[in-house]
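# Chain and residue survey
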Amino acid sequence: MRLSDFNASLSGMSAAQIATMVAKQNISNLNTAGYVRQTVEQKELFGDSGMISGRQTGYGVKVTDISRVTNQVLTTQFDAQIAKQSAAAFKGSTLGQIVNLFGTVGKNSPSDSLDQFFTAWGVLTKNPDQETNVTALLSSMKVFTAQLGQIKAGLDDLKKTLTQDTANQVKGLNDVSAKLAAVNQAIGSAGSNPPNSLLNERDLLLGQLSQFGTIETTSHPGNPEVYDVTFGGKLIVQGAEASRVDMTLQGDTYIFSIDGQSFDLPTGSLKASSSVQEQELAQYTNQLADFTKSLKANVDQLQVGKMNRYLSDIAAINDKLKTDPTNEALLNERKSLLIEIDKFPKVTVTNDVVTIGGTDYPVDSIDSQVQVANVDEFSLSLFQVDANGNLSLNSKIEETGDNKRFLGVIAADMKALKDQSAIGGMTYSSYMDNLITTIATDASKASAEAVAEQKVLDGLTSAKSSMEGVNLDEEMTHILQYQSYYVANTKAVNVVNEMFQSLLGML
């Protein structure tokens, strides 16, 4: 026997101690974010003991590595799914906010307020000169325009928020890239066997990068644990160097570039933030603007048409009076028409002279050539639109009682406007209903996609956790096994020791 006969059992005791330390490390990091459980890798030791010719009894065991329990394929799938889930969740959340602005088709929706607006015109038609009807009409106009104003302001605020969010995400992307480059440098400096803590930090940063967009990783030349990262076809991390992503806004279009070279964003929250602004938000805002512009223009034109019909009717009566100047019925009809046009704010009828926008027309001389081109010549626009595209009731209408008289004149035409095709072959009510329905449908689809992507991510998270995460029961079982393993090796040492003592006693 030789003293080296102790080596096998002593190496087993050492391996058991190391394995126990690893198990304790796993347990202590049970709730540490990004921690990947470790395991001990062992290798048997052989050597010719000379006891059996040509055979090796072995010298015990050697701990060759303390490795992380991970799977690169699963990690790649997990990071890719983070990008998909982040994009879907961001889009679903943003469209949900827009749904909250517009509401749903039904009571208290913009289309409901629009219907009440047209209904108030119908009531005014029955009694055009009743002040309470005029007051109710103006109130309904204020409610309707205020609701549109709130929606427009909400869309504008959301655009500002998304613009700032996109800028923040670009900053976050650059910050994480810089941290990953620093970790790469530390891993490279550690040589061929970097600490597992650095590898855990590297993988955690890769997961954070994936939230911004799908990434591709390759091993950096010279060190397989140092990762180069490609983002949208562009290298953003190359070894210990990180390239900065820049963002510029041209109109409503985002341009992303690295070193002056533009590129398309991969799927992720950053692309979702910019594309929602460029697509859905821009579409809904433009549709609301089209509604606002069309309503104002058509109502203005409705007044112009009404005034010109009155003038044409007076011109036709004047033609008839040339051959029958004392015709009482014609004179009374013309007088009634003059009373109606006198209700427009910028029209005055006095002493057989009609003044329209500062121009005098003797009543008898009004012919087919006397016409108005725009509402400002003779009346007030019902609506005004500010520089931001917000629609509101023309404040001048309520300045004096006389400025309200024309509302009764156009009431019947305004009531009829409700059922007329206005935008894209649709009435105003159906156009607004269609817009609200489109937004709700888009948001519902986005929400369903977010739920689906989350389920996939949950499945991958569970699989990854099962492999990489710390299982308390499993680690406690390991500790008991290592304890038994250690005790068994101490007994083997005692046996060898007793054999030596016996041998020495024989000498």
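Below: a short report on this structure. Everything numeric in this text was worked out from a predicted model, so none of it was measured.

## Observations regarding the overall build of the chain
The helix and strand inventory of the chain stands at ten helices and 14 strands. For the chain, the C-alpha radius of gyration of 41 Å lies well beyond 23 Å, the compact-globule estimate for 507 residues. Looking at the chain residue by residue over its 507 residues, the buried ones come to 43%. For the chain, contacts bridging at least 24 residues in sequence account for 69% of all contacts bridging at least 6. Per element, the accessible surface of the chain, about 25900 Å² overall, is 50% carbon and sulfur. Where the 40 positive side-chain charges of the chain centre and where its 57 negative ones centre are 3 Å apart.

## Focus: the side chain of Ser379
Position of Ser379 among the secondary structure elements: in the loop between strand 12 (359-362) and strand 13 (383-385). Given a relative accessible area of 0%, Ser379 falls into the buried group. At a separation of 2.6 Å, a polar atom in the side chain of Ser379 contacts the side chain of Gln303. Apart from the residues within four sequence positions on either side, Ser379 is in contact with Gln303, Phe344, Pro345, Lys346 and Phe406.

## Regarding a nonpolar patch on the surface
Judged by side-chain polarity, Leu30, Leu472 and Met476 come together as a nonpolar surface patch covering roughly 250 Å² of accessible area. Tracing the backbone shows Leu472 in helix 10 (residues 472-506). On the basis of relative accessibility, which here comes to 41%, the residue Leu472 falls in the partly exposed class.

## Describing the nonpolar core
Counting 74 residues, the largest nonpolar core has Trp121, Phe291, Phe344, Leu382 and Leu407 as its most contacted members. By residue number, the principal contributor to this core is helix 6 (residues 269-321), which donates 16 residues. Those residues in contact with Trp121 that sit more than four places away from it in its chain are Leu137, Met141, Leu382, Leu407, Ile410, Ala411, Met414 and Lys415. The next biggest cluster of nonpolar side chains, apart from the first, holds 27 residues, and it includes Leu198, Phe212, Val245 and Leu265.

## Quick word on the pattern of salt bridges
Evaluation of the coordinates by the stated rule reveals 19 salt bridges. Here Lys322 makes a salt bridge to Asp319, at a shortest N to O gap of 3.7 Å. Among the residues examined, Lys322 registers a relative accessible area of 65% and is labelled exposed. Note that Glu340 and Lys343 form a salt bridge whose closest N and O atoms lie 3.3 Å from each other.

## Overview of the sheet that holds strand 11 (residues 353-356)
Pairing is antiparallel in the open sheet, where three strands are placed in the order 10-11-12. Every other strand in the sheet has two partners, leaving strand 10 (347-350) and strand 12 as the edge strands with one partner each. Put simply, the sheet's adjacent strands are angled 20° from each other on average, direction ignored.

## Focus: the packing of aromatic side chains
Enumeration over the complete set of coordinates arrives at eleven aromatic pairs. Plain terms: the ring middles of Phe231 and Phe263 are 6.4 Å apart, the flat faces sit at 75° to each other, and that makes the pair edge-to-face. Of this pair, Phe231 sits in strand 4 (residues 223-231) while Phe263 sits in the loop between strand 9 (261-262) and helix 6, and the two are 32 residues apart along the sequence. Take Phe231 and Phe263: they sit in the same class, and that class is buried. Ring pairs connect the aromatic residues Phe117, Phe118, Trp121, Phe144, Phe291, Phe383, Tyr428 and Tyr431, which therefore count as one cluster. One Lys or Arg, Lys464, reaches over the ring of Phe78 and ends 5.1 Å from the middle of that ring.

## Overview of the pairing of strand 10
As defined by bridge partners, strand 10 adjoins strand 11 across four bridges and the pair is classed as antiparallel. The residue of strand 11 that forms the bridge with Thr350 is Val353. Linking strand 10 back to strand 11 in an antiparallel pair, the connection comprises two residues, with Asn351 at a positive phi of about 50°.

## Some thoughts on helix 7 (residues 328-341)
Residue pairs spaced three or four apart in an α-helix point in one direction, given the helix's 3.6 residues per turn. Between its first and last C-alpha, helix 7 extends 20 Å over 14 residues, near the 20 Å set by a 1.5 Å rise per residue. Where helix 7 is concerned, the buried positions are Leu330, Arg334, Leu337, Leu338 and Ile341. One side of helix 7 holds all its buried residues, which, seen down the axis, span an arc of 100°. Looking at helix 7, the residues exposed on the side facing more than 90 degrees away from the buried face are Glu328, Ala329 and Lys335. Of the surrounding elements, those touching the buried residues of helix 7 are helix 6, strand 10 and strand 11. Taking the backbone nitrogen of Ala329 as reference, a side-chain oxygen 3.1 Å away marks Asn327 as the first, capping residue of helix 7.

## So, the pairing of strand 7 (residues 245-250)
Inspection of the sheet shows strand 7 paired to strand 8 (residues 253-258) by six bridges, in the antiparallel sense. Within strand 8, the residue paired with Gln250 across the bridge is Thr253. Between strand 7 and strand 8, which pair antiparallel one after the other, the connecting turn spans two residues, and Gly251 there sits at a positive phi close to 70°.

## With respect to unusual backbone geometry
One non-glycine residue, Asp259, lies in the positive phi region at around 55°. Looking at the secondary structure, you find Asp259 in the loop between strand 8 and strand 9. Note on Asp259: relative accessible area 65%, which makes it exposed. Although it is not a glycine, Asn351 sits at a positive phi angle of roughly 50°. Examined against the element boundaries, Asn351 turns out to sit in the loop between strand 10 and strand 11.

Basis of the calculations
Residues numbered from 1 in each chain as written. Predicted model: local features only at pLDDT ≥ 70, side-chain atom pairs only at ≥ 80, totals over all residues. Heavy atoms only, no water. Helix = DSSP H or I, 4+ residues; strand = E, 2+ residues; numbered from the N terminus. Rg over C-alpha atoms; globule rule 2.2 N^0.38 Å. Buried < 20%, exposed > 50% of the residue type's maximum accessible area, 1.4 Å probe, protein only. Contact = heavy atoms within 4.5 Å. Areas by Shrake-Rupley, 256 points an atom, 1.4 Å probe, with all protein chains shown as cover. Lys, Arg positive; Asp, Glu negative; His and termini not counted. Charge placed at Lys NZ, Arg CZ, Asp CG, Glu CD. Polar contact = N/O pair within 3.5 Å; in protein donor to acceptor, adjacent residues only side chain to side chain. Patch = residues over 30% accessible without salt bridge, like charges linked within 9 Å, V, L, I, M, F, W, Y side chains within 5 Å. Salt bridge = Lys/Arg side-chain N within 4 Å of Asp/Glu carboxyl O. Core = buried A, V, L, I, M, F, W, Y, C linked by side-chain atoms within 4.5 Å. Pairing = 2+ DSSP bridges. Axes fitted to C-alpha atoms, helices over the stretch in contact; angles between N-to-C directions. Phe/Tyr/Trp six-rings, centres within 6.5 Å; stacked < 30°, edge-to-face > 60°. Lys NZ or Arg CZ within 6 Å of the ring centre and 35° of its normal. Expected span 1.5 Å × (residues − 1). Arc of directions from axis to C-beta.

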